[in-house]
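Close look at the chain arrangement
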Amino acid sequence: MNDTVDKLVIFLAKRDGIDKLVKTFQYVSKLVHWHAEAAHPDAAHRAKQWEVASGLSRKAFRSGRFLTGFNALRRNPGSSPTFRLLGVLANAGEMVYFFFDHFLWLARIGVLDAKLARKMSFISAFGESFGYIFFIIIDFIMLKMGVEQERKLVADSSEKPMEEVKAGVRKIREDRVMRLMAVAANVADLIIAAADIEPNPFCNHAVTLGISGLVSAWAGWYRNWPS
């Protein structure tokens, strides 16, 4: 499959695909709002409306997403005790994030008391941060293992057909790129979550949030784009 339109249709048919597209809208509009706020208040207001609508739409798309983490633990808890422990911690944090995100969405659209929004936002962001820390640790361990496997494969190349060695190295490097994309996305999302947990001038600055959101979105585009 080489046709870009075919790939785009498949990408947007996925929940993660449409989420990354709308996430791009959300954080581009945040940067537009920041840039235009002083000189063009009307354009800035429109951009802010786009940002808010995109954020709420993403929360709606994520309905039931907490079950993904539960199913991951149920079906593939990990290949070793270490990975099982890290997997439980990472997925538990992500499940808390997505579960309480439902209540945050309902509070923001007026179904629940708006006063609940701040508390739900904190709990959701805390779970998100907690989970991302352990996902990042898992990816770094896997990256280290990949480097070791590649070195061993190259060292033993004289004992195996060259095509087999090249295919093995290519597979390891492709996995490495995907894991580096995952680390980039998780670190960026960790910064965004930190802005909710403990507001501070750096994390809460529109440029920091905008760039972090786009890094996360575009890393997700790369990882989910059909091969």
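The preceding data block contains the structure.
Reading the values: the criteria
Residues numbered from 1 in each chain as written. Predicted model: local features only at pLDDT ≥ 70, side-chain atom pairs only at ≥ 80, totals over all residues. Heavy atoms only, no water. Helix = DSSP H or I, 4+ residues; strand = E, 2+ residues; numbered from the N terminus. Buried < 20%, exposed > 50% of the residue type's maximum accessible area, 1.4 Å probe, protein only. Contact = heavy atoms within 4.5 Å. Areas by Shrake-Rupley, 256 points an atom, 1.4 Å probe, with all protein chains shown as cover. Lys, Arg positive; Asp, Glu negative; His and termini not counted. Charge placed at Lys NZ, Arg CZ, Asp CG, Glu CD. Patch = residues over 30% accessible without salt bridge, like charges linked within 9 Å, V, L, I, M, F, W, Y side chains within 5 Å. Salt bridge = Lys/Arg side-chain N within 4 Å of Asp/Glu carboxyl O. Core = buried A, V, L, I, M, F, W, Y, C linked by side-chain atoms within 4.5 Å. Axes fitted to C-alpha atoms, helices over the stretch in contact; angles between N-to-C directions. Parallel < 35°, antiparallel > 145°, perpendicular 65-115°, else oblique. Left-handed = near helix turned anticlockwise from the far one by under 90°. Nonpolar A, V, L, I, M, F, W, Y, C, P; charged D, E, K, R; others polar.

Moving on: the overall build of the protein chain. Of the regular secondary structure elements, the protein chain holds eight helices and zero strands. In the protein chain, the succession of helices and strands from N to C terminus is α-α-α-α-α-α-α-α. Its C-alpha atoms give the protein chain principal-axis dimensions of roughly 65 × 40 × 35 Å. Taking all 227 residues of the protein chain together, 37% fall into the buried category. Across the protein chain, the fraction of contacts at a sequence separation of at least 24, relative to all contacts at a separation of at least 6, is 72%. On the protein chain, roughly 13200 Å² of surface is accessible, and the fraction owed to carbon and sulfur atoms is 65%. Between the averaged position of the 30 positive side-chain charges in the protein chain and that of its 23 negative side-chain charges there is a distance of 3 Å.

Next up on the list: a nonpolar patch on the surface. Judged by side-chain polarity, Phe-25, Val-28, Val-32 and Trp-50 come together as a nonpolar surface patch covering roughly 310 Å² of accessible area. Among the elements that make up the nonpolar patch, the one with the highest residue count is helix 2 (residues 15-36) (three residues). Topologically, Val-32 is positioned in helix 2.

If you look at the biggest cluster of nonpolar residues, it comprises six residues: Tyr-27, Ile-192, Ala-195, Cys-203, Leu-209 and Leu-214. Mapped by element, the contributors of at least two residues to this core are helix 7 (162-197) and helix 8 (206-224). Listed in part, the five residues of the second largest apolar core include Phe-83, Ala-90, Phe-134 and Ile-138.

Evaluation of the coordinates by the stated rule reveals 15 salt bridges. Note that Lys-59 and Asp-101 form a salt bridge whose closest N and O atoms lie 2.8 Å from each other. Placement of Lys-59 in helix 3 (residues 41-61) and of Asp-101 in helix 5 (residues 81-108) is noted, with a sequence separation of 42 residues between them. As far as the burial class goes, Lys-59 and Asp-101 line up, both buried.

What follows is about the packing of helix 2 against helix 3. At their nearest, the axes of helix 2 and helix 3 sit 8 Å apart, and the two run at 155 degrees to each other. In terms of orientation, helix 2 lies roughly antiparallel with respect to helix 3. Judged by the twist between their axes, the crossing of helix 2 over helix 3 is left-handed. Taken together, the residues that form the contact of helix 2 with helix 3 break down as 11 nonpolar, six polar and seven charged.

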